[in-house]
Structure formats: C-alpha cells, structure tokens
Amino acid sequence: MERKFHLNSPLNAEAARSLSAGQEVLISGPAFTARDAAHLRIARLLEQGANPPFDLNGALIIYAGASPAPPGRIIGSIGPTTSSRMDAFTPALLEAGLAGMIGKGPRSQAVNQAIARHQAVYFGAVGGLGALLSLRIKNAELVAFEELGPEAVYRLELDGFPVRVLTDSRGNDFLSSLGIRDRMAQIP
Amino acid sequence: MRTISSDQITAAVRELCLKAAFELPEDLKGLLQRSLSTERSEAGRRVLEDILENARIAGRERLPLCQDTGLALFWVELGRDVSLTGCGLQQAVDQGVGLAYREGFLRKSVVRDPLRGENTGDNTPAFVHLEMTDGESVRIIHLPKGCGSENMSRLAMLYPSAGAEGVERLVAETVQMAGANACPPLIVGVGIGGNFETAPRLAKKALLRNAGQRNPDPYYASMESRLLEGINLLGIGPGGLGGSTTALEVFIEVHPCHMASLPVAVNLQCHAARRAFTVL
C-alpha cells in the first residue's frame, strides 16, 4: 500500500506541482464550502469586479453542503457533491486564484485544461461517507450567503481529510485513465 | 372500518425518516460485506470497508449516513377499510417530514421553485404515492432519495425493435455514464414498459426490493442477473475508483405497454440505499 501524502492548505504552488493523478492525500487546513448557488453568486461578483466573500488566492474549495450540526458537534454529515455541476464556473475561479477543489466525479475537458494552465489541482473524495468524513472536520464557521441554507459558504478546518488526486497540475486525469468507456464495448 | 388519525401517520412518518437517515438496511450491509470478499481492487475494498464503517458511525452517533438526506419519498398503501381522520394525507406526511428533518438535524434540500430557488426550510413537500389495497391497515414505505444518483438516472422511449438487447445496452450505458457521480456500488432500478410516466415510477419502485429478491418471472430474473454481471465488468468500482463491484443489485419491474413503444427508465440508487417501512 502506498504511503499517504500529507498536504496543508492554503496550497502552495510547489506542493500542488508535486502531486500526481491517482495519488492519495490527507489534507489539513482551511477549505471553503461552495456549491451551485454559491458558485453562481461568486461568479457574478467576479464579473462585476467585486470581491468574493473569501480570498480565492491559494484557496481550496470543497463542493459540499453539510447536514446541520447536532448539539455538541462541530458539523453534521459532510461529503462531496458532483463536481461537474460547477464546471461552468470553475475556469473563472481558477483565473481569480483558486488553487484546489475537492469534489466527486469527472470534470470537463475545459476545466482540466484550466487546471493545467493555472497549475491547480482537483481532488476527489468518496461520496456517501458523510458520518465518517464529519470526523475529519476540526472547525466550521459561516462565511457568507447564510440565506442559502445548506448552500451557504462555510470555512472548514480540515484535519487529515482523505482525498485522491483526480486531475493533477499537469492536467492528467485519473478517472479517464481507468478506461471505463473502452470496457463498455466489450460487454456481451 | 378502522379509524386511523392523521397524527398516527405523522408520528410514523417522523420515525421512518429518522430510521432511514441513520441506519443502513441490514440486507444492504450483507451485500456490502459479501462484496468485500469478491472485490478485486484494493482501493475498492477500502471504499467498501469505509462504507461499512460509515454505517457504524452513523448508527452509533445518530448522524446521517450521507449529508444528502434527499427528497422524502413515500408509498402509502391504504387499506380500503381504513377511515383516515384529521388532516389530509399529504399534510400528515409533510408534518412528519418537517418534524424529522428539524429534530434529526437532517439536511433540508428542497427548493420551492426549480428555477428561482428558495429553500422550503423543512424538506417538504414530501413525494407521496398513494395505492389502495384491501384490508384495514396502512403500510408506509419511505425512501429518502439523494440527487447524485438521481441526476444520473435516465428515461428512454425506445422502439420495440430495440428488444431485450437494446434495453440491456441502455442500462449498462446509464451506469457507465454515471461513473463516480452516482456513488457506486449502486442499486439499479429498471422500469420497462408502461408509458412516459409509468416507466420511471416502475424503476423507482424497483429500488424498494430487498437484496436477492428476483423478479418472479424467470425471463426478467435472468435479465437481472445478466445485467448485474455485465455492469460489474465495467470496472467503475466502489467510489468510482476502479474495481469489480459497480452494482450490488439490478431490479427490473415491467408493465404492459403500447405495441409501438418500449419505454425504459433506469433509476440509479447510491450505496447509501436508505429505506424503511412500517405498518399501522
């Protein structure tokens, strides 16, 4: 079994460049939750030349909307949502300094190219492990868009959050390397 | 005639929502456990172990198995010798859903308007299918349905010439296109026949079956087994990271249809295949 690599956020460019598609990584440090509605708002702010609700430079975004924290807990269940829903917004966010994303599933070619252009990195977490992953969150605080409920932006403090590099800083795509599409033709 | 009050329905619905959100069904745990010994990829086996560990944590800590606690779907089988008192059925179910999602700290994922948004705040409305049955009991089945798998589901109006081969091809293609997005290993619900509206309902209802419960018609039972085998050759694997466990079950439901039509719906369900039922 390969040894897991420990990575801190905010990401520095050198650390991001050292990662390869398929590699397992444990991330510690801040990550901001943002999904469909928050992306739409951030994209509009960027278009207007306004500041997004958190500093995008070197930032890590996690595509997630946690369940509410029960009393005595930091956060409820949390896990990645489908990343491709955010594809339309991602190149602009990378342009504005976003360094990494955590989500689920494949990205568009345009996103993978933008990741390579900005030497960013896209990590995949496994979906449907919300209770397990909630134990890897040390802190959660509301940052913006409270009215969006589960789609609001929270600043999370990750603590060894388990992910895998799905698109590395050279644009290599781990999921397409699995060859699922080719195997379709071989099914009787 | 037996009288059942809407308060009883509300209380039962509340219980079902909480149970489903926190407890992975035992038969599903059995399937996951069994696939641990057949899964060929090391990464895949670790995902399966994590899924079982997640279920232990969720049950113990009363945390949702998945943060996406879904749309709240219900099938209510209402005996015709039951007189329902109090408020209407939809209202009774909505009240139960609202209570459970607030008290259980479940995520509220419903927006009032598909284009203009606005969270309804209590995960209502519930999606209620009413069926009339004989007798004087009420059976309520609950399925919280997350959207990762729902978004990757498909309906196709095939021509009859496509035949069994065309149907199987569509099912395999749907799973292939879903990849990691649908959170494999999957339960694959297939509805064949009916029309544009019934095929998806059949596919959804197929997801309510217990592990190992084959279609009673041997023709479709063998199609279920053949599809399961074929899907597991795709190599998507647990979590979409590669492996031989892409689906745990394929369930097919069929219905008569127009001679010129072959509707096929494929409703994917993630590995957090939550469901619960009760009888009043």
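All of these numbers come straight from a predicted model, not from anything done at the bench.

### Concerning the overall build of chain A
Looking only at helices and strands, chain A has 6 helices and 7 strands in total. Going residue by residue from the N terminus, the α and β elements of chain A occur as β-α-β-α-β-α-β-α-β-α-β-β-α. A compact globule built from 188 residues would reach a C-alpha radius of gyration of about 16 Å, and chain A, at 16 Å, matches this within 12%. Along the first, second and third principal axes, the C-alpha set of chain A runs to 50 × 40 × 35 Å. Residue burial in chain A is summarised as follows: out of 188 residues, 56% are buried.

### Details of the domain arrangement of chain B
Residue and element names in this part refer to chain B. What the domain assignment reports for chain B is domain 1 (2-20 + 65-145) and domain 2 (148-273). Computed over C-alpha atoms only, the centres of domain 1 and domain 2 are separated by 26 Å. Listed per partner, the contact involves 10 residues of domain 1 and 12 residues of domain 2. With both chains or domains summed, domain 1 and domain 2 bury close to 830 Å², and 63% of this area falls on carbon and sulfur atoms.

### Overview of the pattern of salt bridges
By the definition in use, this model includes 32 salt bridges over all chains. The partner of Arg155(A) in a salt bridge is Glu157(A), with the nearest N and O atoms 3.2 Å apart. Owing to a relative accessible area of 27%, Arg155(A) belongs among the partly exposed residues under this scheme. What makes Glu157(A) partly exposed here is its relative accessible area of 22%. Among the salt bridges present, the one from Arg56(B) reaches Glu53(B), with a minimum N-O distance of 3.0 Å.

### Let's talk about the sheet that holds strand β7 (residues 138-145) of chain B
Whenever strands of a sheet pair, they do so through backbone hydrogen bonds, lying parallel or antiparallel. Residues and elements named next belong to chain B. If you walk across this open sheet you meet the 4 strands as β6-β2-β7-β12, and the pairing is mixed. Because the sheet does not close on itself, it has two edges, and the strands there are β6 (127-133) and β12 (276-279). Averaged over all adjacent pairs, the angle separating strand axes in this sheet is 15°, with direction ignored. Strands β2 (71-79), β6 and β7 of the sheet are contacted by helix α4 (residues 89-103), whose axis makes an angle of about 140° with β2. Across the sheet, helix α7 (residues 198-206) lies against β2, β6 and β7, angled at about 90° from β2, the strand it touches most.

### Concerning the nonpolar core
Ile27(A), Ile102(A), Phe123(A), Leu158(A), Phe161(A) and Val188(B) are the most contacted members of the largest nonpolar core, which has 108 residues in total. Leaving out residues up to four positions away in the same chain, Val188(B) has contacts with Val171(B), Val175(B), Leu207(B), Ile231(B), Ala247(B), Glu249(B), Val250(B), Phe251(B), Val266(B), Asn267(B) and Leu268(B). Counting 26 residues, the second-largest nonpolar core is a separate cluster that includes Ile4(B), Cys17(B), Phe74(B) and Ala276(B).

### With respect to helix α2 (residues 36-47) of chain A
All names here are of chain A. With 12 residues, α2 extends 17 Å from end C-alpha to end C-alpha; this agrees with the ideal 16 Å at 1.5 Å per step. Taken together, the buried positions of α2 are Ala37, Ala38, His39, Ile42 and Ala43. Those residues of α2 hidden inside the fold are in contact with β3 (60-62), α3 (90-95) and β7 (153-167). Note on α2: the residue one or two positions beyond its end, glycine 49, has a positive phi of about 80°.

### Focus on the interface of chain B and chain A
Residue-level contacts link 40 residues of chain B with 44 residues of chain A. In total, about 3,400 Å² of surface goes out of reach between chain B and chain A, with carbon and sulfur atoms giving 63% of it. For chain B, the biggest contributors to the area lost against chain A are Gln67(B), Phe105(B) and Arg107(B); these three give 19% of the whole. Counting the contacts that link chain B with chain A gives 2 salt bridges. Note that Arg73(A) is salt-bridged to Glu61(B), the shortest N-O span being 2.9 Å. At the junction of chain B with chain A, the criterion picks out 11 residue pairs in polar contact (both at pLDDT 80 or more). Mapped by element, the contributors of at least two residues to the side of chain B that touches chain A are α3 (42-61) and α6 (163-178) of chain B. By residue number, the principal contributor to the side of chain B that touches chain A is α3(B), which donates 11 residues.

### Observations concerning the packing of α6(B) against helix α8 (residues 218-231) of chain B
All names here are of chain B. Packing of α6 against α8 brings their axes to within 10 Å, and their N-to-C directions diverge by 40°. By the angle class used here, α6 and α8 are oblique. Pair α6 / α8 crosses with right-handed handedness. Together, Ala164, Glu168, Val171 and Val175 of α6 and Tyr219, Met223, Arg226, Leu227 and Ile231 of α8 make up the contact between the two elements.

The rules we used
Residues numbered from 1 in each chain as written. Chains lettered and ligands numbered in written order. Predicted model: local features only at pLDDT ≥ 70, side-chain atom pairs only at ≥ 80, totals over all residues. Heavy atoms only, no water. Helix = DSSP H or I, 4+ residues; strand = E, 2+ residues; numbered from the N terminus. Rg over C-alpha atoms; globule rule 2.2 N^0.38 Å. Buried < 20%, exposed > 50% of the residue type's maximum accessible area, 1.4 Å probe, protein only. Domains from an automatic or database assignment. Contact = heavy atoms within 4.5 Å. Buried area = accessible area lost by both parts, 1.4 Å probe. Salt bridge = Lys/Arg side-chain N within 4 Å of Asp/Glu carboxyl O. Pairing = 2+ DSSP bridges. Axes fitted to C-alpha atoms, helices over the stretch in contact; angles between N-to-C directions. Core = buried A, V, L, I, M, F, W, Y, C linked by side-chain atoms within 4.5 Å. Expected span 1.5 Å × (residues − 1). Polar contact = N/O pair within 3.5 Å; in protein donor to acceptor, adjacent residues only side chain to side chain. Parallel < 35°, antiparallel > 145°, perpendicular 65-115°, else oblique. Left-handed = near helix turned anticlockwise from the far one by under 90°.

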